[in-house]
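Results of the structural survey
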Number of protein chains: 2
Amino acid sequence: AIKRLILNSATQLLPQSKYFHSICSKVLDFHYPHQLKEGLEGFSLELPDQPDNLEQLLVDCRDTLKYGVKTGHPRFFNQLSTGLDIIGLAGEWLTSTANTNMFTYEISPVFILMEEVVLRKMHSIIGWPEEDGDGIFCPGGTMSNLYSVLLARFHLFPVVKTHGMSAIPRLALFTSAHSHYSIKKSAAVLGIGSENVIVVRCDERGKMISSELNSSIETAKSKGLVPFYVNATAGTTVYGAFDPLNEIADICKHHGLWMHVDAAWGGGLLLSNKHRVKLQGIERAHSVTWNPHKMMGVPLQCSTILVKKKGLLQECNQLCAEYLFQPDKHYDVSYDTGDKSIQCGRHVDVFKLWLMWKAKPEHSNVCFWYLPKRLQSILPSPERDRELHMVAPKIKTKMMEEGFTMIGYQPLEDKVNFFRCVFSNPATQREDVDFLIDEIVRLGCEL
Amino acid sequence: AIKRLILNSATQLLPQSKYFHSICSKVLDFHYPHQLKEGLEGFSLELPDQPDNLEQLLVDCRDTLKYGVKTGHPRFFNQLSTGLDIIGLAGEWLTSTANTNMFTYEISPVFILMEEVVLRKMHSIIGWPEEDGDGIFCPGGTMSNLYSVLLARFHLFPVVKTHGMSAIPRLALFTSAHSHYSIKKSAAVLGIGSENVIVVRCDERGKMISSELNSSIETAKSKGLVPFYVNATAGTTVYGAFDPLNEIADICKHHGLWMHVDAAWGGGLLLSNKHRVKLQGIERAHSVTWNPHKMMGVPLQCSTILVKKKGLLQECNQLCAEYLFQPDKHYDVSYDTGDKSIQCGRHVDVFKLWLMWKAKPEHSNVCFWYLPKRLQSILPSPERDRELHMVAPKIKTKMMEEGFTMIGYQPLEDKVNFFRCVFSNPATQREDVDFLIDEIVRLGCEL
């Protein structure tokens, strides 16, 4: 019966065949939290006191998929991670079955070596010399960025590991106004303080203005802060903008600062001969965040922190707990990567990427406002902005309630709510984008 | 062809049928790193320049399982996480297929509500009043423990979030000599410094001596440090010992300190009427780490941080990035849990647990030395200890090279290398344990 459960689930889940190629199907069958909590057509989220039978569990599995969001649907434009790669899915299923941990070579011999192979490949694509390069897979890009700040701080002040921030001067780090909020979050978590993250202005396309970076560094110094780290973004979350990496690298070099490139979104372009020019200068970075679960379409999660200097991860994070990392093992214990991480055990995120990479060694953000008829005749003005700001949420509400397509919206700096269309789902065709636009017009024209 | 690949893999992977019930099979087919890197019988880890075909990928999948460790094998005693629960596996496969993120209700409506249901259940099992209780699933117990230190610091000194450690006094935290190294690691990462973690002595069974805790706190205060946090362990990594929670809670109350219970390993006992007495006093904790992927046998990873005070996680970690957490959504945005975490996107770890819990609403460490014949006649002495220290690594080496069973070893404080037998694999029978003992004798008697 259990075997049947799994095989039944497998067949059902497969290429999510019921909707995968059927663009008529909905992206989501939306319900409000209270509706789902009350239980829909017998689908109860509550935990019973008595065990349910396998048939009921199978019904639960079906309902879980039914009321969820079909992130692989060709009309899902909502997130930077979209699409469902079938090879990657096979890799993830095998990973679950192997049910082991990226902790030591002892319990993950194959996956540990695969991680080394894949990271080395990524180093070479970045353009680091062969003798350089280290890294680790992390649970998401925010953690990768946190690692970069942690490493930069330790690199400059190794004493911080044992004696804490009270033993070192007040630090300052720099990131652009359009960068991901994880830099601020990292500063808060690491005890640096989010207010010591200096936000550098961007141009109207969302790129960091490098002369502003330089003057921000000078100002921080004059206030007695110690600048140590700059985050440059290659593919911002909203506009998909690329900061000028070479200009930023020059400034970092001049001031002796750690240069990090957050290429969580844009890293995938390094694989394109045509587009990798956008990341020119990335080879000068001390560390890089690159999430294959975004532009490369690997199933969630698959995120890396890549570090130029070998050994630094280990030095920064190791505590050499003998009861976990026995030094008297019979193989080269440098393969026991657990002590390099801040996590101890780590989920195996490498296999799906390795398998996909073997299968296919070869996207952009479009942001726009929709102006309902009523607003098309009004000239740009604070009044129009106030009205326009409410248009996207209203359209999104109707869109989610109907469930035929999904797209994200947000405000940014002085720009009121606008849509961001993400192109990274390989299932999406031109007709699907046309459908999206038609839907927005249909839902919004009367607003 | 792709469908066939997945179904083939699924059938092969299934209950890892080839070895699952066959105790004659090996736990691992051990190879040294250089052997795996050179490529075994055509199994190459290198990434090709040209795409491989599906048949080759299927062979790779088979080889990946072949050269890996069978953590579900009844004779795998090596780790705290062992066994392969088939319902949990089905849950993990569905999770991979859904391929979404624990970020907002928008993209994970069902999983977000399931998380709430499961966390609430865990709160009630701990014994917190109904109006209390918050929490989040984390990538591993080390991250859960890091959350606890982060929350305790913010609770005492909210200014640390924006202004960093330089705005607050020097902190001290307390944990036992047998506790997990993640407390020290958290102090290093958070900028508190690992040396400000005061290690409290344990009795000979590995339990924290509460009078020692009290005097350590007094000593730290007299040195001008500010004690703020105590970690009590419910199920230590090596001995499986339980600290005296009520005594520790009294001391924390007296000094006004945050009490955390690291029940990563022992939390599962809360489900046992007979054994939950070991965790008496856990309801007095401010936060609890509980890893269902350990004693409860949920596939990796499945780890939680449970927090008594509602709202603290959000307050501590939120940055309210409008472009990610739009405040003008059409549903209750308190369900957008992304800003509660330090991670932004999170892997969906709840579903497998939810499904297992529905399927079965209902284990210990044994540590020992093996004395080869030669050492049996020698009385305990530093000389015998020196010899004995080398026995377990030698046996383990032979054991891994042969691959029929696996068990961990480590030294601890003044005790030289000893074996730790973990009983948490539901597939293990009495004969398997007898087999393990016989193997140790066979491999070790001549040492």
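Each value, and the rule that gives it
Residues numbered from 1 in each chain as written. Chains lettered and ligands numbered in written order. Predicted model: local features only at pLDDT ≥ 70, side-chain atom pairs only at ≥ 80, totals over all residues. Heavy atoms only, no water. UniProt positions renumbered as here; feature names shortened; annotations may be inferred. Helix = DSSP H or I, 4+ residues; strand = E, 2+ residues; numbered from the N terminus. Buried < 20%, exposed > 50% of the residue type's maximum accessible area, 1.4 Å probe, protein only. Areas by Shrake-Rupley, 256 points an atom, 1.4 Å probe, with all protein chains shown as cover. Lys, Arg positive; Asp, Glu negative; His and termini not counted. Charge placed at Lys NZ, Arg CZ, Asp CG, Glu CD. Least-squares fit on C-alpha atoms with pLDDT ≥ 70 in both. Contact = heavy atoms within 4.5 Å. Buried area = accessible area lost by both parts, 1.4 Å probe. Salt bridge = Lys/Arg side-chain N within 4 Å of Asp/Glu carboxyl O. Core = buried A, V, L, I, M, F, W, Y, C linked by side-chain atoms within 4.5 Å. Pairing = 2+ DSSP bridges. Axes fitted to C-alpha atoms, helices over the stretch in contact; angles between N-to-C directions. Patch = residues over 30% accessible without salt bridge, like charges linked within 9 Å, V, L, I, M, F, W, Y side chains within 5 Å. Left-handed = near helix turned anticlockwise from the far one by under 90°. Nonpolar A, V, L, I, M, F, W, Y, C, P; charged D, E, K, R; others polar. Arc of directions from axis to C-beta.

As recorded by an unreviewed UniProt entry, chain A carries the name Glutamate decarboxylase 3 and is attributed to Cyprinus carpio carpio. The Subunit (unreviewed entry) field of the UniProt record for chain A holds the comment "Homodimer." If you open the UniProt record of chain A and go to Cofactor (unreviewed entry), you find "pyridoxal 5'-phosphate".

Secondary structure summary: chain A contains 17 helices and 11 strands in total. Taken along its principal axes, the extent of the C-alpha atoms in chain A is 65 × 60 × 45 Å. Relative to its full complement of 447 residues, chain A shows a buried share of 65%. Counting every atom, chain A has about 16,000 Å² of accessible surface; 53% of that belongs to carbon and sulfur. Put simply, chain A has 47 plus and 49 minus side-chain charges, and the middle of one group is 3 Å from the middle of the other.

Overlay of chain B on chain A (RMSD 0.0 Å): rotation 180°, translation along the axis 0.0 Å. Such a combination of rotation and displacement between the chain copies is what one expects of a two-fold axis. Measuring from the rotation axis to each C-alpha of chain B, the shortest distance belongs to Leu-190 of chain B, at 2.1 Å. Most of the interface of chain B is mirrored in chain A, where 100% of its interface residues are also at the interface.

All right, on to the interface of chain B and chain A then. A common way to express how large an interface is: the accessible area buried when the components associate. Opposite the 142 residues of chain B that make contact, chain A presents 143 residues. For the pair chain B and chain A, the summed buried surface comes to about 12,400 Å²; carbon and sulfur atoms form 65% of the total. The largest per-residue losses of area from chain B upon contact with chain A belong to Leu-47, Tyr-323 and His-330 of chain B, which jointly make up 7% of the total buried on that side. Remark: the boundary between chain B and chain A carries eight salt bridges.

What follows deals with the nonpolar core. Counting residues in each nonpolar core, the largest one holds 197 residues, and the members touching the most others are Val-261 and Val-288 of chain A together with Val-288 of chain B. Setting aside anything within four residues of it in sequence, one finds Val-288 of chain A in contact with Ile-126, Trp-128, His-260, Val-261, Ala-263, Ile-282, Thr-304, Ile-305 and Leu-306 of chain A. Formed by 62 residues, the second largest nonpolar core is a distinct cluster that contains Phe-157, Ile-192 and Ile-305 of chain A together with Ala-187 of chain B.

As a further point, take the sheet that holds strand β5 (residues 226–233) of chain B. Residues and elements named next belong to chain B. Pairing is mixed in the open sheet, where seven strands are placed in the order β2-β8-β7-β6-β5-β3-β4. Strands with a single pairing partner mark the edges of an open sheet, and in this sheet they are β2 (134–138) and β4 (197–200). This sheet shows a mean twist of 20° between the axes of neighbouring strands, independent of strand direction. When β2 meets strand β8 (residues 303–307), the two strands line up antiparallel, connected through five bridges. By the bridge assignment, Phe-137 is partnered in β8 with Thr-304. Across the sheet, helix α7 (residues 141–156) is in contact with β2, β3 (171–176), β5, β6 (258–262), β7 (287–290) and β8; its angle to β5 comes to roughly 150°.

Residue and element names in this part refer to chain A. Counting buried residues along helix α9 (residues 182–189), seven of its eight residues qualify, which places the element largely inside the surrounding structure. Of the residues making up α9, those classed as buried are Ser-182, Ile-183, Lys-185, Ser-186, Ala-187, Ala-188 and Val-189. Phi turns positive one or two residues past the end of α9, at Gly-191, with a value near 85°.

Right, let's talk about a positive patch on the surface for a bit. All names here are of chain A. Together, Arg-205, Lys-207, Lys-274 and Lys-278 give the surface a local cluster of positive charge. Along the chain, the position of Lys-274 falls in the loop between β6 (258–262) and β7 (287–290). The exposure class assigned to Lys-274 is exposed, which follows from its relative accessible area of 68%.

So, on to unusual backbone geometry. Residues and elements named next belong to chain A. Omega for the peptide link from Leu-300 to Gln-301 comes to -15°, which places this bond in the cis form. Here Gln-301 shows up in the loop between β7 and β8 (303–307). In this model, Asn-99 sits at a positive phi of 45°, which is unusual for a non-glycine residue. Tracing the chain through its elements places Asn-99 in the loop between α5 (86–98) and α6 (109–126). By relative accessible area, which is 8% here, Asn-99 ends up buried.

All names here are of chain A. It is at 8 Å that the axes of α5 and helix α13 (residues 350–359) come closest, and there the two elements cross at 145°. Here α5 runs over α13; the crossing is right-handed. Of the residues in α13, those in contact with Ile-87, Gly-88, Gly-91, Glu-92, Leu-94 and Thr-95 of α5 are Phe-351, Lys-352, Leu-355, Met-356 and Ala-359. Here the contact of α5 with α13 is composed, by residue class, of six nonpolar, three polar and two charged.

Residue and element names in this part refer to chain B. Most of β8 is tucked away: five of the five residues are buried. Alternating residues of β8 divide into Ser-303, Ile-305 and Val-307 and Thr-304 and Leu-306, and every residue in both groups is buried. As paired elements, β7 and β8 share four bridges and run antiparallel to each other. Counterpart to Ser-287 in the pairing with β8 is Val-307.

Okay, the UniProt feature "modified residue: N6-(pyridoxal phosphate)lysine" (unreviewed entry) in chain A next. Residues and elements named next belong to chain A. In this structure's numbering, the residues bearing the UniProt feature "modified residue: N6-(pyridoxal phosphate)lysine" (unreviewed entry) are Lys-294. When you line up the elements, Lys-294 lands in the loop between β7 and β8. Setting aside its immediate chain neighbours within four residues, Lys-294 contacts Leu-80, Ser-81, Ala-264, Trp-265 and Ser-424.

This part takes up the sheet that holds strand β9 (residues 365–368) of chain A. Residues and elements named next belong to chain A. Strand order in this open sheet of four strands is β1-β10-β11-β9, and the pairing throughout is mixed. A strand with exactly one partner marks an edge of an open sheet, and here the two such strands are β1 (76–77) and β9. Where strand β10 (residues 406–412) and strand β11 (residues 415–422) come together, four bridges link them in antiparallel fashion. Across the sheet, Leu-412 pairs through a bridge with Lys-415, a residue of β11. Taken strand by strand, helix α16 (residues 391–402) contacts β10 and β11, and its axis lies near 160° from that of β10.

Below, the discussion takes up helix α11 (residues 245–255) of chain A. Residue and element names in this part refer to chain A. Restricting attention to buried positions, one finds in α11 the residues Leu-245, Ile-248, Ala-249, Ile-251, Cys-252 and His-255. One side of α11 carries all its buried residues, which in axial view fall inside an arc of 165°. Residues of α11 that are exposed and angled more than 90 degrees away from the buried face: Lys-253 and His-254. As for α11, its buried residues are in contact with α10 (210–222), β5 (226–233) and β6. Phi turns positive, to about 70°, at Gly-256, one or two residues after α11.

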